[in-house]
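Take a look at the letters that make up each chain.
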Amino acid sequence: MNAPELTEHEHLGLYLRDTGTASEWWRVTVADRPQTYRLEHGVEDAQGNPSVDIDLVVDAENLRAKLKKWHREGFVFEARGASPQADAQQRAAFMPALQRAAAARRNPSGMDGAGGLRESDSTSTPDAEVAASHSVRIGATEVPCGVAGPWVPRINPAYLFSERFNDIVEDIVENKRVMLIGHTGAGKTSLIEQVAARARHGVVRANMNGQTTVGDFVGFWTVKGGETLWVDGVLPTAMREGLWLIVDEIDFAEPSILAALTAVLEPQGRLTLKEKGNEVVEPHPAFRLFATANAVGAMSQFRHLYQGANLMNEAFLDRWRVYLLDYLSPAEETDVLMRTLAPYMTHTLAVTLTAIAADCRAAFAREDLSSAFSTRRLLDWAELMLRTGDPERAAGPAIYAKVSPEDATLIRGIIRHHIAPAG
Ligand SMILES: Nc1ncnc2c1ncn2[C@@H]1O[C@H](COP(=O)(O)OP(=O)(O)O)[C@@H](O)[C@H]1O
Ligand SMILES: [Mg+2]
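Here the structure is a predicted model, which means the values were calculated and not measured.

S.K.: Help me understand the confidence of the model for the protein chain, please; the structure alone is not making it clear to me.
M.R.: Where the model shows low pLDDT, its predicted coordinates should not be examined in detail. Of the residues in the protein chain, 90% reach a pLDDT of 70 or more, and the chain-wide mean stands at 86. Here residues 112-126 is a poorly scored stretch, pLDDT under 50, and it has 22 contacts once near neighbours within four places are set aside; other chains count.

Laid out in structure tokens, this is it:
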């Protein structure tokens, strides 16, 4: 990748490279004169001792050449907000905090609730309360409740309803067809499931990136005990029973499935079962239809990451409200980490972990990394490091084994930049 045109101050910051035993960096700051930049080079050994060995001032053209060179040499840009001192403090604080948390997890009885480990403050309505009510407030919206049943998902008490979800929840109440697009692990499926869990609606999912045939989806005839009988597919089942249907990874669906869906996309859209003598299936008032996709519409630029995904035509997309679900903000993700892994996950640990996730996502956006960094992955890594007390060991099965060796090296460098080795 070439360094893009230099715009003002866009390249200020830290460029990092991990050499295995130490981390090496270049820092770019503005120099005294206009259009000049100060470049400092330094290394930090495995004990976290920093040393600066180069300090020079260059012009914009020279900087641009340096950026290209650093990129070839494997340096990765790291946007840093806080001061170097604050960064260093946070970096050094991680391992001692993790060791305390891992020890507390091994020996929960020894924990007195003090020391920064806090209880989960679940904000969900208790089950008994929901069972008695006709609606439940989710964010800014009052959502009518259904009846309990085997298809109702379990409430995840750590789930965080971001304010950004308010419009989506309102669309659900208004019976709009909602399509959620975004990277894998951004939280598309869990948003729908958690709304359903709290409002007691049954959810069924049909994944289009696999074996779902039009027969599974719409229905088919079969012979049983000498009799031919019709078996409803997942779509007519959800419509008749008033379930919420999530068509997952709709950009992989067969055209025949999309054709069946199209009729149902109208507000009171009915399904005609042609194979069953044109029987008409009316939608139950509680029926809702959702789709998720990784690479359609505003996400099309990422199609190369989701091989085999089809482009959806605009006429089809226009039948949906399409929401781009981005990853949670660092503050939200910190909150989710602490709630999910309460009481062991502390604020100190969570802030560093979300900063690592944010840096990995920024590297992905610049195409320095070819793999996205999901909330799911972050939670899994965090959970494992609380068990092992070792971020690097936990990163093996939670991260490194899932990505290319180049990506693993780069992520390892980002992690080392945020977490000083245990002293
Ligand atoms: N808002 C949130 N609050 C808490 N956890 C979340 C949230 N969003 C995502 N997660 C976590 O991330 C995981 C992956 O989300 P998921 O909905 O399966 O992603 P997607 O369907 O986009 O691939 C969830 O199981 C959950 O643990
Ligand atoms: Mg999903």
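S.K.: Would you take a moment to explain the side chain of Glu249 for this structure?
M.R.: Mapped onto the secondary structure, Glu249 falls in the loop between strand 12 (244-248) and helix 8 (255-264). No salt bridge is formed by the buried Glu249, whose closest oppositely charged neighbour, Arg205, lies at an N-O distance of 7.3 Å. Ignoring anything within four residues of it in the chain, the contact list for Glu249 reads Asn207, Met208, Asn209, Thr292, Ala293 and Asn294.

S.K.: How do you make sense of helix 13 (residues 391-398) when you look at a structure like this?
M.R.: Three- or four-residue spacings in an α-helix give side chains the same orientation, since the helix completes a turn every 3.6 residues. Taken together, the buried positions of helix 13 are Pro391, Ala394, Ala395 and Ala398. The buried residues of helix 13 occupy one face: seen down the axis, they fall within an arc of 105 degrees. For helix 13, exposure combined with an orientation more than 90 degrees from the buried face picks out Arg393 and Pro397. Between the side-chain oxygen at the start of helix 13 and the backbone nitrogen of Glu392 there is a gap of 3.0 Å, and the oxygen is on Asp390.

S.K.: I keep staring at the pattern of salt bridges and nothing clicks. Help me out?
M.R.: As a working rule, side chains carrying opposite charge can pair if their charged atoms are close by. All chains considered together, the criterion is met by 20 salt bridges. We note a salt bridge from Arg240 to Glu279, for which the minimum N-O separation is 3.0 Å. With Arg240 in helix 7 (residues 234-241) and Glu279 in strand 14 (residues 279-281), the pair connects residues that are 39 residues apart, well separated along the chain. A relative accessible area of 32% means that Arg240 is categorised as partly exposed. Between Arg339 and Asp335 there is a salt bridge, with its nearest N and O atoms 3.3 Å apart. One end of the pair is Arg339 and the other is Asp335, both in helix 10 (residues 330-340) and four residues apart, which spans about a single turn. Looking at Asp335, the relative accessible area reads 24%, which means it is partly exposed. Here the residues in one salt-bridge network are Asp232, Arg240, Lys276 and Glu279, joined through shared partners.

S.K.: Would you mind going over the packing of aromatic side chains with me for this structure?
M.R.: Using the criterion set out here, one finds eight aromatic pairs in the structure. Taken together, a centroid distance of 5.1 Å and an interplanar angle of 50 degrees make the contact between Tyr15 and Trp70 tilted. Here Tyr15, found in strand 1 (residues 13-18), pairs with Trp70, found in helix 1 (residues 60-72); they are 55 residues apart in sequence, far enough to count as distant. Judged by relative accessible area, Tyr15 falls into the buried class, the value being 6%. In this structure Trp70 comes out as buried when scored by relative accessible area, which is 0%. Ring centres 4.9 Å apart and planes at 70 degrees place the aromatic pair Tyr159 and Phe161 in the edge-to-face group. By the ring-pair criterion, three or more aromatic residues cluster together here, those being Tyr15, Trp26, Trp70 and Phe77. The ring of Trp25 has Arg27 lying over it, and the distance from NZ or CZ to the ring centre is 5.3 Å. Over the ring of Tyr400 we find Arg412, and its NZ or CZ is 4.4 Å from the ring centre.

S.K.: What's the story with unusual backbone geometry in this structure? I'm lost.
M.R.: Residues apart from glycine generally show negative phi values, whereas peptide bonds are mostly found in trans. Cis geometry marks the peptide bond from Ala342 to Pro343; its omega dihedral reads 0 degrees. Here the phi dihedral of Asn175 falls at roughly 60 degrees; this positive angle occurs in a residue that is not glycine. Relative to the elements of secondary structure, Asn175 occurs in the loop between helix 4 (166-173) and strand 8 (178-181).

S.K.: What is the right way to look at the site of ligand 1 in this model?
M.R.: Near ligand 1 lie 16 residues; those nearest to it are Leu160, Gly185, Lys188, Thr189 and Ser190. A distance of 2.6 Å is found between an oxygen atom of ligand 1 and a backbone nitrogen or oxygen belonging to Gly185. Here Ala186 contributes a backbone N or O atom positioned 3.3 Å from an oxygen atom of ligand 1. Within the complex, the protein chains bury 86% of what would otherwise be the 560 Å² of accessible surface of ligand 1. With respect to the detected pockets, ligand 1 is housed in the largest pocket. Listing elements by their share of the shell around ligand 1, those giving two or more residues are helix 5 (188-199) and helix 12 (375-388). Taken together, the residues that form the shell around ligand 1 break down as seven nonpolar, seven polar and two charged.

Rules used throughout
- Every residue gets a number counted from 1 within its own chain, in the order that chain's sequence is written.
- Think of it this way: whatever chain is written first is A, whatever ligand is written first is 1, and the rest follow in order.
- Per-residue local features of the predicted model are confined to residues with pLDDT of at least 70, and side-chain atom pairs are confined, for both listing and counting, to 80 or more; whole-chain, interface and lining totals are unaffected and use all residues.
- With hydrogens and water excluded, all non-hydrogen atoms of the structure serve as input to the side-chain values.
- One number per residue, pLDDT, summarises how confident the predictor is, and it ranges from 0 to 100.
- Any two residues whose heavy atoms approach within 4.5 Å at even a single point are treated as in contact.
- Per the convention used, a helix needs a DSSP run of H or I reaching at least four residues, while a strand needs a run of E reaching at least two, with both numbered from the N terminus.
- Burial classes: relative accessible area under 20% of the type maximum marks a residue as buried, over 50% as exposed, and values in between as partly exposed (1.4 Å probe, protein chains only).
- Asp and Glu are treated as the negative residues and Lys and Arg as the positive ones, with His and the ends of the chain left uncounted.
- Salt bridge, as used here, is a side-chain nitrogen of Lys or Arg placed within 4 Å of a carboxyl oxygen of Asp or Glu.
- Think of it as the arc spanned by the lines of direction from the helix axis to the C-beta atoms.
- Nitrogen and oxygen atoms within 3.5 Å of one another constitute a polar contact, given that in protein one can donate a hydrogen and the other can accept it, and given that sequence-neighbouring residues count only through two side-chain atoms.
- Pairing of aromatic side chains here covers Phe, Tyr and the six-membered ring of Trp, requires ring centres within 6.5 Å, and sorts the geometry by plane angle: under 30 degrees stacked, over 60 edge-to-face, intermediate tilted.
- Working rule: Lys NZ or Arg CZ, within 6 Å of ring centre, within 35 degrees of ring normal, means a charge sits over the ring.
- Proximity is defined per residue: if any heavy atom of the residue lies within 4 Å of a molecule or strand, that residue is considered near it.
- Every accessible area reported is derived by Shrake-Rupley at a probe size of 1.4 Å, with residue values counting cover from the shown protein chains alone.
- Using a 1 Å grid laid over the protein atoms alone, points where a 1.4 Å probe fits but cannot get out form a cavity; open sets with protein on both sides within 12 Å along at least 5 of 7 lines form a pocket; any residue with an atom within 4 Å of a point counts as lining.
- To qualify as sitting in a cavity or pocket, a molecule needs more than half of its atoms within 2 Å of the grid points.
- Classification convention: Asp, Glu, Lys, Arg as charged; Ala, Val, Leu, Ile, Met, Phe, Trp, Tyr, Cys, Pro as nonpolar; all other residues, Gly among them, as polar.

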